[in-house]
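Coordinates in review
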Amino acid sequence: MFMLPDDLKDYRAFYGLSQRALAKVIGVSQTYIVMLESGECKIPDYVPLRLGVTTEQMQNIRMVKAERLALYPQYHNKKD
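Just so we're clear, the structure is a prediction, and the values are computed from it rather than from any experiment. (Residues numbered from 1 in each chain as written. Predicted model: local features only at pLDDT ≥ 70, side-chain atom pairs only at ≥ 80, totals over all residues. Heavy atoms only, no water.)

The tendency in soluble globular proteins is for nonpolar side chains to be buried side by side. Ranked by size, the top nonpolar core spans 14 residues in total, and within it M3, L8, Y11, L22, V47 and L51 carry the most contacts. Counting only elements with at least two residues in this core, the list comes to helix 1 (5-14), helix 2 (19-26), helix 3 (30-38), helix 4 (46-51) and helix 5 (55-71). Contact partners of L51, with chain neighbours within four places excluded, come to M3, L8, Y11, L22, V25 and I26. (Core = buried A, V, L, I, M, F, W, Y, C linked by side-chain atoms within 4.5 Å. Buried < 20%, exposed > 50% of the residue type's maximum accessible area, 1.4 Å probe, protein only. Helix = DSSP H or I, 4+ residues; strand = E, 2+ residues; numbered from the N terminus. Contact = heavy atoms within 4.5 Å.)

Before going further, it helps to examine the environment of Q59. Summarising the element assignment, Q59 is placed in helix 5. The sequence separation of Q59 and P44 amounts to 15 residues, and the corresponding C-alpha distance is 19 Å.

A separate point is helix 1. For helix 1, the set of buried residues is D7, L8, D10, Y11 and R12. Where helix 1 is buried, its residues contact helix 2, helix 3, helix 4 and helix 5. One or two positions beyond helix 1, positive phi appears at G16, with a value near 65°.

This is the structure we're talking about:
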């Protein structure tokens, strides 16, 4: 599965994980998570595999995010 930087941020936010906790799950440093989420580095294929995330799950996470933004438009410009 292919992940974009926003997908990784959305996954982390959806499950209430800090960057440090996500780094521990994936087996990388928190600094590397910052680089992935900012788009500074391409997200390697092993990241979604280690998270066990499927394309369908990511679509659901995106849908929930879109619904929340529709309900609370003040969060459109909020940094994740």
